[in-house]
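Single-letter residue listing:
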Amino acid sequence: MNYTIKDIFRKFRDGLHSSRGHSLLTFFVFLVISAMLWWVTALNDEAQADVRMSVKITHVPDSITIVSRVPQIMSVSINAKGTQLMKLNWGRIPDFNIDFRQYRVGNSIRLTDTDLKSIARNAFDGANVIVISPDSINLSFTSQPPVILPVNPDYIVTPGPQATITGQPKLSFDSVKVYTIGVLPESVEAITTEPIRLNSINETITKRVALIPPANSCVVPDSIDLTFNVEPLIFKTRKVTVDAVNVPEGQKLITFPAQVEVMYMISVSDYKNTDPYIRVTADYNSINDRNSRMIKLRISEASDNLQNVHLASDSAEYYIEEL
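Just so you know, these numbers come straight off a predicted model, no measurement behind them.

**Student:** Could you give an account of the overall build of the chain, naming the residues involved and the relevant values?
**Tutor:** On a plain count of helices and strands, the chain comes out with six helices and 25 strands. Within the chain, the proportion of its 323 residues that are buried is 31%. Across the chain, every contact between residues at least 6 apart in sequence was considered, and the portion connecting residues at least 24 apart equals 72%. Counting every atom, the chain has about 20800 Å² of accessible surface; 52% of that belongs to carbon and sulfur.

**Student:** Tell me about the pattern of salt bridges, and name the residues and values.
**Tutor:** All told, the structure shown has eight salt bridges when counted by the stated rule. For arginine 208, the salt bridge identified is with aspartate 225, shortest N-O distance 3.1 Å. A residue pair is termed long-range when its members are at least 10 positions apart, and arginine 208 in strand E16 (residues 205–212) and aspartate 225 in strand E18 (residues 223–228) qualify at 17 residues. Its relative accessible area of 51% is what places arginine 208 among the exposed residues. The class for aspartate 225 is partly exposed, based on a relative accessible area of 25%. Across the pair aspartate 243 and arginine 279 runs a salt bridge whose closest N-O atoms are separated by 3.1 Å.

**Student:** How would you explain the layout of surface pockets if you had to name every residue and give the values?
**Tutor:** If you roll a probe as big as a water molecule over the atoms, it shows you where there is empty space left. Computed from the structure, the largest pocket encloses a volume of approximately 420 Å³. If you go around the largest pocket, you meet 17 residues; those closest to its centre are Val67, Ser68, Arg69, Cys218 and Asp222. Put simply, the parts of the chain that give the lining of the largest pocket at least two residues each are E16 and strand E17 (217–220). When grouped by side-chain class, the residues that make up the lining of the largest pocket number eleven nonpolar, three polar and three charged.

**Student:** Just give me the short version of the sheet that holds strand E6 (residues 108–111), but keep the residues and values in it.
**Tutor:** The strand order across the open sheet built from four strands is E2-E8-E6-E5, with neighbouring strands paired in antiparallel fashion. Among the strands making up the open sheet, the edge pair consists of strand E2 (65–66) and strand E5 (104–105).

**Student:** Could you give an account of the packing of aromatic side chains, naming the residues involved and the relevant values?
**Tutor:** The final tally for this structure, using the stated rule, is two aromatic pairs. Here the basic side chain of arginine 293 rests over the ring of tyrosine 318, its NZ or CZ set 4.7 Å away from the ring centre.

**Student:** How would you summarise the nonpolar core if you had to cite specific residues and measurements?
**Tutor:** The biggest cluster of nonpolar side chains holds 25 residues, and the ones touching the most others in it are Val76, Phe96, Ile98 and Ile109. Elements that contribute at least two residues to this core include exactly strand E1 (46–58), strand E3 (73–81), strand E4 (96–99), helix H4 (100–103), E6, helix H5 (113–123), strand E7 (128–133) and strand E8 (137–142). Examining the composition of this core, we find that four residues originate from one element, E1, more than from any other. Ignoring any residue separated from it by four or fewer positions in sequence, one finds valine 76 in contact with Ala49, Asp50, Val51, Met53, Ala120, Phe124, Val129, Val131 and Ile132. Counting 19 residues, the second-largest nonpolar core is a separate cluster that includes Val240, Tyr264, Leu297 and Leu306.

**Student:** Just give me the short version of the environment of arginine 52, but keep the residues and values in it.
**Tutor:** Residue position: arginine 52 is located in strand E1. A C-alpha to C-alpha distance of 9.8 Å links arginine 52 and glutamine 72, two positions 20 residues apart in sequence. Apart from the residues within four sequence positions on either side, arginine 52 is in contact with Ile73, Met74, Ser75 and Ile93.

**Student:** I'd like to hear about H5, residue by residue, with values.
**Tutor:** Owing to its 3.6 residues per turn, the α-helix aligns residues three or four sequence positions apart on the same side. Turning to H5, its buried residues are Leu116, Ile119 and Ala120. Projected down its long axis, H5 shows its buried positions confined to an angular sector of 95°, all on one face. Every exposed residue of H5 that faces more than 90 degrees away from the buried side is listed here: Thr114 and Asn122. The positive-phi residue at the C-terminal boundary of H5 is aspartate 125, with phi of around 55°.

**Student:** Residues and numbers for the sheet that holds E18, please.
**Tutor:** Two strands in a sheet stick together by hydrogen bonds in their backbones, pointing the same way (parallel) or opposite ways (antiparallel). Judged by pairing direction, the sheet is mixed, and its seven strands sit side by side in the order E12-E18-E16-E14-E9-E13-E17 without closing on themselves. Edge positions in the sheet fall to strand E12 (170–171) and E17, since each has one partner strand and no second. Sheet analysis places strand E13 (residues 175–180) next to E17, joined by four bridges and oriented antiparallel. By the bridge assignment, threonine 180 is partnered in E17 with serine 217.

Cut-off values and rules
Residues numbered from 1 in each chain as written. Predicted model: local features only at pLDDT ≥ 70, side-chain atom pairs only at ≥ 80, totals over all residues. Heavy atoms only, no water. Helix = DSSP H or I, 4+ residues; strand = E, 2+ residues; numbered from the N terminus. Buried < 20%, exposed > 50% of the residue type's maximum accessible area, 1.4 Å probe, protein only. Contact = heavy atoms within 4.5 Å. Areas by Shrake-Rupley, 256 points an atom, 1.4 Å probe, with all protein chains shown as cover. Salt bridge = Lys/Arg side-chain N within 4 Å of Asp/Glu carboxyl O. 1 Å grid on protein atoms, 1.4 Å probe; cavity = no way out; pocket = protein on both sides within 12 Å on 5 of 7 lines; lining within 4 Å. Points joined across faces, edges and corners; volume = space filled by probe spheres on them. Nonpolar A, V, L, I, M, F, W, Y, C, P; charged D, E, K, R; others polar. Pairing = 2+ DSSP bridges. Phe/Tyr/Trp six-rings, centres within 6.5 Å; stacked < 30°, edge-to-face > 60°. Lys NZ or Arg CZ within 6 Å of the ring centre and 35° of its normal. Core = buried A, V, L, I, M, F, W, Y, C linked by side-chain atoms within 4.5 Å. Arc of directions from axis to C-beta.

This is the structure in structure tokens:
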């Protein structure tokens, strides 16, 4: 049987006017009232919550630079009403705003545990602050102009077996501003990065590394990017003529063969853009046994951009000719 909307509404209305429908309606009304009373009571009850607040220092003059490290987060434990906690859960956690004008003492910003709790309490509409960490703040600042110093990266980076690091690492900033309290010691000539150690890297890599400020100073920026350019190595061989050295006057040292194969590895870019130099020598003074017809060969010089340079054969037959 098909029912229209009008039929359904009529049956619902008739059901409400029945004794059973009246009882159900009364039950639901009291249920709603009870839920509302419980909700109001819960909102007035107090509960504890742990909150992390981002620190901001406001009203700092342009001529002032804060030298000390400012804490990024304040951890606050509060005891608040349900309405206050509901704002925290549904809204944005307020910032921990430190007014420079209010807490400036000489050349520093000083806040006690009482000061910190007062700032947090105001941010949370009067909620009771139980614990706050850190429990005190003491920040030094300066109005002196900065000193510009170069950056000296502290790194030990090794490539993988089939790769090479080309050139020096690239710095996002090669110099930084150093703000200090008093006079910067003459011994401070550069700003060093925190140590960076990388092993067996096979591709170009960029790392963010913090800078180490001198005592009672801060650097801007406080970190830089270090980029290490890595290229693959290719294996090559070439024939090199053997040079005889330390041969006495009136004699001539001849090797067989006159050329030897030299094997090496070179980066792709150097292979395309440079002509590697390799020198192989046979030293007359290395002949100890005249009865032997073999002489030692060695690589005496090679371009700096070559790696794993070695000879296919480390000796050759020789003949001494009298001139």
